[in-house]
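Each chain, letter by letter, is given below.
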Amino acid sequence: MLSPTNEVVWQFEAIGARWRIDVTPGPEGQGARADDRAAVDARIEQFDRDWSRFRDDSLVTAIARAGGSHRLPEDAGPLLQHFRDLYQVTGGRVSPLVGRSLEQLGYDAHYRLTPSGDPIAAPSWDTTITLREDGERLTLDAPSPVSLDVGAAGKGYLVDLVAELLMSRGALGVVVDGSGDLRALGEARIRVGLENPANPSLVVGTVTLERGRALAASAPNRRAWGDGLHHIVDATTGIPVSGSVIATWAVAESALVADGAATALFVGEPRAIAERLGVEYVRMHADGRLEVSPGFDGEVFA
């Protein structure tokens, strides 16, 4: 799947996913040296320490324990602005406030994977949290504890951060694949197959990523733990989504936007999502039908 011109390949597990990074080194191996790999590991660790609800020492866990004011990381602005866009374009059905909803379904820090009661809807963004500028940072104000979950777009954002980090350290090209979220920067180019969730040995189409473009894929079977239990939750009900759509793909200028759009395409009106977020998309239905945006720059197989 990855271009054979990439010269250095790193593969590892991080934040519960398999990663692959292909780097075209700059002069004297810049961007692909041992210290560059260490910088990637440190950046991923920092992001996880800030945003994971599965760590006892994370900022998100601290926010879930106590209301009040919490100064957010420097990278919070683009992430939460994107979530605000997702929240608005889906009528609140995609929200970073679904942490309690997922915990109720059994997807909690202890991985109980057994529902503990009836589903609970996520609280309203407008009445639960306020984001305010605090110098060059954001502060989250909440009258009571709130459980954040940035899984709908967070991994895509981390793919962007890692790719941009390596380019800043002198790489000529980078492809970062975070298990379903991909970005190609610089001289890198990659042709990606759109995996059929009903038969992973087949693809339903292809798309080429280059010049900074990103692709995100989403499907309920990627993270499921029981009948009808999976990670794509309608925030207005607290219930995992169901319906005819079984997979989505979104192409955008960043993995952050592509990742969030791929989630939103399960619960929102696709043309409105494409217009608001600036993405192209493919949606696959249970009967095998493919729904493709007019500007999708790839190939789909009928």
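Coordinates for the structure precede this section.
Every chain's residues receive numbers from 1 upward, in the order its sequence appears when written. Totals for whole chains, interfaces and linings use every residue, but because this is a predicted model, local features are given only for residues with pLDDT of at least 70 and side-chain atom pairs only at 80 or more, for both listing and counting. Computation of side-chain values: all heavy atoms of the structure, hydrogens and water removed.

Trainee: Give a description of helix H6 (residues 154-168) that names residues and reports values.
Mentor: A run of DSSP states H or I qualifies as a helix once it reaches four residues; a run of E qualifies as a strand once it reaches two. Both are numbered from the N-terminal end. Helix span, expected: 1.5 Å multiplied by one less than the number of residues in the helix. Taking 1.5 Å as the rise per residue, H6 with 15 residues should run 21 Å; its terminal C-alpha atoms sit 21 Å apart, in good agreement. Counting buried positions along H6 gives twelve out of 15 residues, so the element sits mostly inside the fold. Along H6, the positions that sit buried rather than exposed are Gly 154, Lys 155, Gly 156, Tyr 157, Leu 158, Val 159, Asp 160, Leu 161, Val 162, Ala 163, Leu 165 and Leu 166. Two residues or fewer after H6 comes Gly 170, characterised by a positive phi angle close to 110°. Three exposure classes are used, based on accessible area relative to the maximum for each residue type with a 1.4 Å probe and protein chains only: buried under 20%, partly exposed in between, and exposed over 50%.

Trainee: Lay out unusual backbone geometry in plain terms, naming residues and giving numbers.
Mentor: The residue Ile 15 is not glycine, and still its phi comes out positive at about 45°. Take Ile 15: it is sitting in the loop between strand E1 (8-14) and strand E2 (17-24). Overall, the relative accessible area of 32% leaves Ile 15 in the partly exposed class. Positive phi values are uncommon outside glycine, yet Glu 28 reaches one of about 60°. Residue placement: Glu 28 occurs in the loop between E2 and helix H1 (34-51).

Trainee: How would you explain the side chain of Asp 141 if you had to name every residue and give the values?
Mentor: As for its position among the elements, Asp 141 is in strand E5 (residues 137-142). By relative accessible area, which is 19% here, Asp 141 ends up buried. At 2.5 Å, the side chain of Asp 141 forms a polar contact with the side chain of Arg 132. Pairs of N or O atoms are called polar contacts if they sit within 3.5 Å, as long as, within protein, a hydrogen donor faces a hydrogen acceptor (for residues adjacent in sequence, only side-chain-to-side-chain pairs).

Trainee: Can you break down the sheet that holds strand E18 (residues 298-300) residue by residue, with the values?
Mentor: Hydrogen bonds between backbone atoms are what pair the strands of a sheet, whose relative direction is either parallel or antiparallel. Being paired, for any two strands, means DSSP has found at least two bridges between them. A sheet is described by the order of its strands in space; here three strands give the open sequence E8-E9-E18, paired in antiparallel fashion. Among the strands making up the open sheet, the edge pair consists of strand E8 (189-196) and E18. Averaged over all neighbouring strand pairs, the angle between strand axes comes to 25°, with direction disregarded. Orientation is described by lines fitted to C-alpha atoms, with helices fitted over the stretch in contact, and by angles between N-to-C directions that extend from 0 to 180 degrees.

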